[in-house]
Amino acid sequence: MPGVSDVSSSTGPGSSVEPGAAAVMPMYTVQPYNSGDIKVELPSCMYTLPNLHQAPCGHHEQGGADPAVQALESRQEDILKRLYELKAAVDGLSKMIQTPDADLDVTDIIQANESATSAPRKADLDSILGKDYGALRDIVINANPSVPPLSLLILHGLLCERYHVLSAVHTHSSVTNIPETLLKCFGDQVNKKSRQDYHLGFTLIWKDVPKPQMKFSIQNMCPIEGEGNIARFLFSLLGDTLSAVTATLIDSWVDTAIFQMRDGSSKEKAAVLRAINSALGKTPWLVGNELTIADIVSWCAIQQSGNTTSVPANVLKWMKSCENLPSFNSVLKLLK
């Protein structure tokens, strides 16, 4: 064929190819793209960016500072200063709370504010109960005889020591078979005075209610519910002036006595007894040197919990001091 060399034609005289053997030669030849030994340095990454955290060259030599950095440092120092001031204020407030690790015991503040024993005070009943000419201001309490509100009966006795109280006990049709002691919980009331000569009335109605209820203005107010809330109101009628710290501690003891000592678990009751014993190791009463509603409600809660025998020494001594008072002694007879 034209353009194709025969094997025989490519061999000539002096060729080393043996007769009958085919000669091997490449069909295409490609010339090298570049010549010589050239070294190519491949990159280690695809993109390179300058280091933003490294100060530029000559920055320290010039002695200047970045204004943005200076503003940030100044702001940080101001925030730290305010945090230290806030921490100092919180530490000062924490010392006002009665905690085992407090440097300043709140009982010291109470004792400093207490004056010497003075004559019994009286509250302005007109400002508390309102003034109604020609009508007796009567406090009406509904209570369940299955759970007698002992603290309210004690407060009734204390009110009778400071005011002329017209007391009465009634029975609602929702309850039956009330013990005779509950019907005569105010004693044998003999009204030797006319109705207008009494400062206030105290009417107790034994009724099937879930919790004690109180009203002193039948038409104009919603009932006050709960033994603790009613006890707070009746205690305010005694006219005792209390500081904010003392009133807060009293409220705390009242809630603890009702919700943990009386209605809590056995573990909670034991914890409350330990707390009461610790408080009585510093003062004769739970809050200071005078009897308060905290003592009244706590004593009643211990009596109703049935844990009057296995109590710590300070608690036992305190309970005997309570029972020596006439108002407590009369209520103690209801428990026998």
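Worth saying up front: this structure is predicted, and the values here are computed from it rather than measured.

Each value, and the rule that gives it
- Residues numbered from 1 in each chain as written.
- Predicted model: local features only at pLDDT ≥ 70, side-chain atom pairs only at ≥ 80, totals over all residues.
- Heavy atoms only, no water.
- Helix = DSSP H or I, 4+ residues; strand = E, 2+ residues; numbered from the N terminus.
- Patch = residues over 30% accessible without salt bridge, like charges linked within 9 Å, V, L, I, M, F, W, Y side chains within 5 Å.
- Areas by Shrake-Rupley, 256 points an atom, 1.4 Å probe, with all protein chains shown as cover.
- Salt bridge = Lys/Arg side-chain N within 4 Å of Asp/Glu carboxyl O.
- Lys, Arg positive; Asp, Glu negative; His and termini not counted.
- Charge placed at Lys NZ, Arg CZ, Asp CG, Glu CD.
- Buried < 20%, exposed > 50% of the residue type's maximum accessible area, 1.4 Å probe, protein only.
- Axes fitted to C-alpha atoms, helices over the stretch in contact; angles between N-to-C directions.
- Parallel < 35°, antiparallel > 145°, perpendicular 65-115°, else oblique.
- Contact = heavy atoms within 4.5 Å.
- Nonpolar A, V, L, I, M, F, W, Y, C, P; charged D, E, K, R; others polar.
- pLDDT = per-residue confidence, 0-100.
- Polar contact = N/O pair within 3.5 Å; in protein donor to acceptor, adjacent residues only side chain to side chain.
- Pairing = 2+ DSSP bridges.
- Expected span 1.5 Å × (residues − 1).
- Disulfide = S-S within 2.5 Å.
- Phe/Tyr/Trp six-rings, centres within 6.5 Å; stacked < 30°, edge-to-face > 60°.

## Here we look at unusual backbone geometry
Right, on to step 1. Positioned with a positive phi, Asn177 is a non-glycine residue whose angle comes to about 55°.
Right, on to step 2. Structurally, Asn177 can be placed in the loop between strand S2 (165-171) and helix H6 (180-183).

## Things to note about a nonpolar patch on the surface
Right, on to step 1. Where nonpolar side chains cluster on the molecular surface, the patch consists of Ile79, Leu80, Leu83, Tyr84, Leu86 and Val90 and spans about 590 Å² of accessible area.
Right, on to step 2. In this structure, Leu83 sits in helix H2 (residues 67-94).

## Observations regarding a negative patch on the surface
Right, on to step 1. A surface patch of negative charge is lined by Glu73, Glu77, Asp78 and Glu85.
Right, on to step 2. Secondary-structure assignment places Glu73 in helix H2.
Right, on to step 3. For Glu73, a relative accessible area of 44% corresponds to the partly exposed category.

## Let's talk about the packing of helix H5 (residues 150-162) against helix H7 (residues 227-236)
Right, on to step 1. Between H5 and H7, the least distance of the axes is 9 Å, while the angle of their chain directions is 10°. Put simply, H5 runs roughly parallel to H7. Residue-level contacts link Leu150, Ser151, Leu152, Leu155 and Leu159 of H5 to Glu227, Ile230, Ala231, Leu234 and Phe235 of H7.
Right, on to step 2. For the contact of H5 with H7, a count of residues per class yields eight nonpolar, one polar and one charged.

## As for the confidence of the model for the protein
Right, on to step 1. Summarising the model, the protein shows a mean pLDDT of 78, and 71% of its residues fall at 70 or more.
Right, on to step 2. In the model, residues 1-17 has pLDDT below 50 throughout and makes four contacts with residues more than four positions away in sequence or in other chains.
Right, on to step 3. Low pLDDT, under 50, characterises residues 115-119; the predicted model gives this stretch zero contacts beyond four residues in sequence or across chains.

## Considering the pattern of salt bridges
Right, on to step 1. Applying the stated criterion to the full structure yields five salt bridges.
Right, on to step 2. A salt bridge links Glu180 to Lys184; the nearest nitrogen and oxygen atoms lie 3.6 Å apart.
Right, on to step 3. The shortest N-O distance in the salt bridge between Arg262 and Glu227 comes to 2.7 Å. Of this pair, Arg262 sits in helix H8 (residues 244-262) while Glu227 sits in helix H7, and the two are 35 residues apart along the sequence.
Right, on to step 4. Taking relative accessible area as the criterion, Arg262 reaches 22% and is therefore assigned partly exposed.
Right, on to step 5. Glu227 sits in the buried class, given a relative accessible area of 8%.
Right, on to step 6. Salt bridges linked by common partners bring Glu227, Arg262 and Asp263 together as one network.

## Things to note about the side chain of Ser167
Right, on to step 1. Mapped onto the elements of the fold, Ser167 is located in strand S2.
Right, on to step 2. Look at Ser167 and you get buried, because its relative accessible area is 6%.
Right, on to step 3. One polar contact links Ser167 to His156, side chain to side chain, over a distance of 2.6 Å.

## What to know about the sheet that holds strand S3 (residues 200-206)
Within a beta sheet, neighbouring strands are joined by backbone hydrogen bonds and run either parallel or antiparallel to one another.
Right, on to step 1. Read across the sheet, five strands follow the order S2-S3-S1-S4-S5 without closing on themselves; strand pairing throughout is mixed. Each end of this open sheet is capped by a strand with a single partner; those strands are S2 and strand S5 (224-225).
Right, on to step 2. Sheet topology note: the strand S4 (residues 213-215)/S5 ladder contains two bridges and is antiparallel. Residue Met214 lies in a different strand from S5, and its bridge partner there is Ile224.
Right, on to step 3. Along the sheet face, H5 touches strand S1 (138-143), S2 and S3 and points at about 150° away from the line of S2.

## Digging into H5
Along an α-helix, residues three or four positions apart point the same way, because every turn accommodates 3.6 residues.
Right, on to step 1. With 13 residues, H5 extends 19 Å between its outermost C-alpha atoms, agreeing within 8% with the 18 Å of an ideal straight helix rising 1.5 Å per residue.
Right, on to step 2. Those residues of H5 that sit buried are Leu150, Ser151, Leu152, Leu153, Ile154, Leu155, His156, Leu158 and Leu159.
Right, on to step 3. Close packing links the buried residues of H5 with S1, S2, S3, H7, helix H10 (293-305) and helix H12 (326-332).

## Some details on the state of the cysteines
Each disulfide consists of one covalent bond between the sulfur atoms belonging to two cysteines.
Right, on to step 1. Tallying each qualifying case throughout the model produces zero disulfides.
Right, on to step 2. Cys300 supplies the cysteine sulfur nearest to Cys322, a cysteine that is in no disulfide, at a spacing of 8.9 Å.

## Focus on the packing of aromatic side chains
Right, on to step 1. What the rule picks out here adds up to two aromatic pairs.
Right, on to step 2. Aromatic pair Phe186 and Phe202: ring centres 5.6 Å apart, planes at 80°, arrangement edge-to-face. In this pair, Phe186 sits in the loop between H6 and S3 while Phe202 sits in strand S3, placing the two residues 16 residues apart along the sequence. The pair formed by Phe186 and Phe202 is uniform in burial state, with each residue classed as buried.
Right, on to step 3. Arranged with centres 5.1 Å apart and planes meeting at 90°, the rings of Trp299 and Phe328 form a pair that is edge-to-face. With a gap of 29 residues between them, Trp299 in helix H10 and Phe328 in helix H12 connect regions that are remote in the sequence.

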